[in-house]
Amino acid sequence: MSSIRIIRGKIVNPYDIINNGAIVIEGDIIIAKGTFDEISERYKTDNIIGDLRSLILPGFVNTHSHAVQTLFRGAADDKELLDWLEDVILPGEATLTEEELYASCRIGYAEMILSGITTTNDMLTGNHARTGMQAAVDSGIRARVGKMLMDRNVPLQMLGKTDEIMKEANELAVEYPKGGRIQYSFTPRFIITCTDELMRLASAAAKKHGLMFHTHAAENRKEGDTVREFTGKGYIDAMDHLDGLGEHVILAHCVWTDKYEQNLLRETNTRISHNPSSNSKLASGIAPVLDYIEQDMILGLATDGSPATGGHDFFLEMRLATFLQKARHKDPKALPAEKVFELATIGGAKALNYDNIGLLEVGYKADIVVLNPTHPSAYPMYNPISYIVYTATSRDISDVFINGVHLIKNGILLQDMSRYYEIADRYAEERPFENRI
Ligand SMILES: [Zn+2]
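Since the structure is predicted, the reported quantities are computational estimates derived from the model, not experimental observations.

Cut-offs applied
- Residues numbered from 1 in each chain as written.
- Predicted model: local features only at pLDDT ≥ 70, side-chain atom pairs only at ≥ 80, totals over all residues.
- Heavy atoms only, no water.
- Donors = N, O, S within 2.8 Å, 3.2 Å for Na, K, Ca; no water.
- Tetrahedral: all angles 85-135°; square planar, octahedral: opposite > 155°, others 65-115°.
- Helix = DSSP H or I, 4+ residues; strand = E, 2+ residues; numbered from the N terminus.
- Buried < 20%, exposed > 50% of the residue type's maximum accessible area, 1.4 Å probe, protein only.
- Phe/Tyr/Trp six-rings, centres within 6.5 Å; stacked < 30°, edge-to-face > 60°.
- Lys NZ or Arg CZ within 6 Å of the ring centre and 35° of its normal.
- Salt bridge = Lys/Arg side-chain N within 4 Å of Asp/Glu carboxyl O.
- Axes fitted to C-alpha atoms, helices over the stretch in contact; angles between N-to-C directions.
- Parallel < 35°, antiparallel > 145°, perpendicular 65-115°, else oblique.
- Left-handed = near helix turned anticlockwise from the far one by under 90°.
- Contact = heavy atoms within 4.5 Å.

1. Details of the coordination of the zinc ion
Listed as protein donors to the zinc ion are H64 (NE2), H66 (NE2), H216 (NE2) and D304 (OD); their distances from the metal cover 2.0 to 2.5 Å. Here the zinc ion is ringed by 4 donor atoms whose angles at the metal span 86 to 175 degrees, and the overall shape comes out irregular. Mapping the donors of the zinc ion onto the primary sequence yields the spacing H-x1-H-x149-H-x87-D. With H64 in strand 6 (residues 60-65) and H216 in strand 11 (residues 212-217), this pair connects stretches of sequence that are 152 residues apart. You'll find H64 and H216 in the same group, each marked buried.

2. Let's talk about the packing of aromatic side chains
For the coordinates displayed, the defined rule picks out 7 aromatic pairs. When the ring of F72 is compared with that of Y427, the centres are 6.1 Å apart and the planes differ by 45 degrees; the resulting orientation is tilted. With F72 in the loop between strand 6 and helix 2 (81-95) and Y427 in helix 16 (residues 418-430), this residue pair connects regions lying 355 residues apart in the sequence. Note on accessibility: F72 and Y427 belong to one class, buried. Among the aromatic residues, those joined into a cluster by ring pairs are F60, F314 and F315. Positioned above the aromatic ring of F36, the side-chain terminus of R8 is 3.8 Å from the ring centre. Over the face of the ring belonging to Y354 we find R144, whose NZ or CZ atom lies 4.7 Å from the ring centre.

3. What about the pattern of salt bridges?
In total, this model carries 20 salt bridges according to the counting rule given. A salt bridge links K281 to D77; the shortest N-O distance between them is 2.9 Å. Of this pair, K281 sits in helix 10 (residues 276-281) while D77 sits in the loop between strand 6 and helix 2, placing them 204 residues apart in sequence. K281 gets classed as partly exposed once you look at its relative accessible area, which sits at 30%. Accessibility expressed as a relative area gives 36% for D77, which makes it partly exposed. The closest approach of N and O atoms between E168 and K147, which form a salt bridge, is 3.0 Å.

4. Observations concerning the packing of helix 3 (residues 98-114) against helix 16
When two helices pack together, their arrangement is given by the angle between the helix axes and by the axis-to-axis distance. Their axes nearest at 9 Å, the elements helix 3 and helix 16 cross at an angle of 115 degrees. Between helix 3 and helix 16, the crossing angle belongs to the class labelled roughly perpendicular. Helix 16 is crossed by helix 3, and the crossing has left-handed handedness. Counting all contacts with helix 3, which are made through E99, E100, Y102, A103, R106 and I107, the residues of helix 16 involved are R419, Y420, Y421, I423, A424, R426 and Y427.

See below:
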């Protein structure tokens, strides 16, 4: 029993709360859960973290991100989506060196972990995919990660030939198979940068490997108009014709969907990633989240990329998700805290097709966030879920475990990031996205 560890505090699951509780982890698994008295009777160890006041929650599941874009944070503010892409994001992604890309990803993943995200669903870029996958491995995060697939309408430096990029994607799917901490994901960017053939091949390959197909859809009105020019169809309808809907598919955004398209999403069990801060900052709109929930669709929350939101802050996403729906529907009951917390944890896990994360239960992976709520804003605390959704911030995080590994201890990330910060500072000074194309 030497390798076991006890985490003490209030256990806050989406569907149940245990006061003065404790969970026991061994290796990468939760092996017991109960009251602290029961657990300390059964398991003898000095390896105990947390106290009566700590809150223990399942790690957050981020259903859509771009760690690779971290170095462009702050360089593309206050722009339209398609200008944002063309002026900074695409030239930036196209010209990142391998070293810059690795640093960008490491900073992005570190930021996510420091915000309580233990699993993310990440898109890399067209180049250096293997280096990006390695950054995910080295960061300690749990993730589905994919090489960004693009075979039209992008800068030459990252324009791929359909068969060549699919060959690399299939190789990566074999190297990062179903079931690992890092699993490959087939990630075409969006219809505008992907031929019909590429979309269909990526979807079929994801199914064949038992992995996911992850892309953007129906984010912005102008983008929707362009897709209609290309395909003669609405975005989701077009995805349906490209074999791009189904249980193996997660679509980021889905801000602009009509009843017909919502039906398509529901009938095909397609997963949806809701990105409230990205949709706000890029002025894309407010997604019809209540419609999705009413129809029992599978939905999770997400931070998108740092230039789209300012940074990976899952507490901000939870709060904005509910505030936007309350304001839009002029209904204070819209998206209550309990529902938001569910979307942030088990909802995201279901949206990413995991059956062993998103809850603190015996047999589940030890992906755990511990909050130490001692800030003035933590007093009084009537309801921990209200606190987590409406009040808490990353500063409350004391410990994070992913796959049983202790990555944040007493609020400090146990990784030396100085080298990556130097690269980021140098990058911001040189602004290479302006002159490398
Ligand atoms: Zn995105």
